[in-house]
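Chain by chain, the residues run as shown.
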Amino acid sequence: MIVSTLIAAVLAAGSPEMRAPPVMQVPAAGLDLSDARDAAVFADRVVEQSRRFCAVHVERITPEHPANPRFCERGMAEAAVRALPEAHRQRFLKAGGLGLVYRGLR
């Protein structure tokens, strides 16, 4: 089972205590990331999860841009792709998946 898991280890601005970092997961189980259709499905999931995640955690993830969730969404989407196992990430990239992610984030 492939799951792109990203742990955003960011402290709240000015918070001296450490809180458990939020976790974003993007399921890729059952997808062949070398297939353009499956890469598009995963790209859609990355975009959707990034938006949902940042709607809740934008102030912890990008405290310098709390009014503009696009910074958070893009960063989380890129991190989700980087979190894929290397072989799966390479297949996703070759299938044009990263471009689909960026188009979905517009």
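Rules used in this analysis
- Residues numbered from 1 in each chain as written.
- Predicted model: local features only at pLDDT ≥ 70, side-chain atom pairs only at ≥ 80, totals over all residues.
- Heavy atoms only, no water.
- Helix = DSSP H or I, 4+ residues; strand = E, 2+ residues; numbered from the N terminus.
- Buried < 20%, exposed > 50% of the residue type's maximum accessible area, 1.4 Å probe, protein only.
- Contact = heavy atoms within 4.5 Å.
- Areas by Shrake-Rupley, 256 points an atom, 1.4 Å probe, with all protein chains shown as cover.
- Core = buried A, V, L, I, M, F, W, Y, C linked by side-chain atoms within 4.5 Å.
- Phe/Tyr/Trp six-rings, centres within 6.5 Å; stacked < 30°, edge-to-face > 60°.
- Disulfide = S-S within 2.5 Å.
- pLDDT = per-residue confidence, 0-100.
- Salt bridge = Lys/Arg side-chain N within 4 Å of Asp/Glu carboxyl O.

## A closer look at the overall build of the chain
And step 1. Helix and strand content of the chain: four helices and two strands.
And step 2. The proportion of buried residues among the 106 residues of the chain is 37%.
And step 3. Sequence separation of 24 or more characterises 55% of the internal contacts of the chain that already satisfy a separation of 6 or more.
And step 4. Of the roughly 6100 Å² that the chain leaves accessible, carbon and sulfur atoms contribute 55%.

## Some remarks on the nonpolar core
And step 1. Within the largest apolar cluster, 24 residues are counted, with the highest numbers of intra-cluster contacts made by Phe42, Val46, Met76, Phe92 and Val101.
And step 2. Broken down by element, this core gets its largest block of residues, nine residues, from helix H1 (residues 36-61).
And step 3. Discounting chain neighbours no more than four positions away, the residues touching phenylalanine 92 are Leu33, Ala39, Phe42, Ala43, Val81, Leu84, Gly97, Leu98 and Val101.

## A word on the packing of aromatic side chains
And step 1. A complete count under the given rule lists one aromatic pair for this structure.
And step 2. Ring centres of phenylalanine 42 and phenylalanine 92 lie 5.2 Å apart, and the angle between their planes is 90°; this geometry places the pair in the edge-to-face category. With phenylalanine 42 in helix H1 and phenylalanine 92 in helix H3 (residues 86-94), this residue pair connects regions lying 50 residues apart in the sequence. Side by side, phenylalanine 42 and phenylalanine 92 carry an identical accessibility label, which is buried.

## Considering the state of the cysteines
And step 1. Scanning all chains against the criterion turns up one disulfide.
And step 2. The partner cysteine of cysteine 54 in its disulfide is cysteine 72, sulfur to sulfur 2.1 Å. Residues cysteine 54 and cysteine 72 are joined through a disulfide that is left-handed, its torsion about the S-S bond being -80°. With cysteine 54 in helix H1 and cysteine 72 in helix H2 (residues 69-82), this pair connects stretches of sequence that are 18 residues apart.
And step 3. Taking the relative accessible area as the measure of exposure, cysteine 54 reaches 0% and is therefore buried.
And step 4. According to the relative accessible area criterion, cysteine 72 is buried, its value standing at 1%.

## Things to note about the confidence of the model for the chain
And step 1. For the chain, mean pLDDT is 87; residues scoring 70 or higher make up 83% of the total.
And step 2. For residues 9-14, every residue scores under 50 in pLDDT, and the model assigns this stretch eleven contacts once sequence neighbours within four places are set aside.

## Regarding the side chain of glutamate 73
And step 1. In this structure, glutamate 73 sits in helix H2.
And step 2. Leaving out residues up to four positions away in the same chain, glutamate 73 has contacts with Ser50, Arg51, Cys54 and Leu105.

## Digging into the pattern of salt bridges
And step 1. The final tally for this structure, using the stated rule, is five salt bridges.
And step 2. Of the charged contacts, one joins arginine 51 and glutamate 73 as a salt bridge, the two residues approaching to 3.8 Å between their closest N and O atoms. In this pair, arginine 51 is assigned in helix H1 and glutamate 73 in helix H2, connecting sequence segments 22 residues apart.
And step 3. Since its relative accessible area comes to 33%, arginine 51 is described here as partly exposed.
And step 4. In this structure, arginine 89 and glutamate 86 form a salt bridge, with 1.9 Å as the shortest nitrogen-oxygen distance. Of this pair, arginine 89 and glutamate 86 both sit in helix H3, three residues apart, roughly one helical turn.

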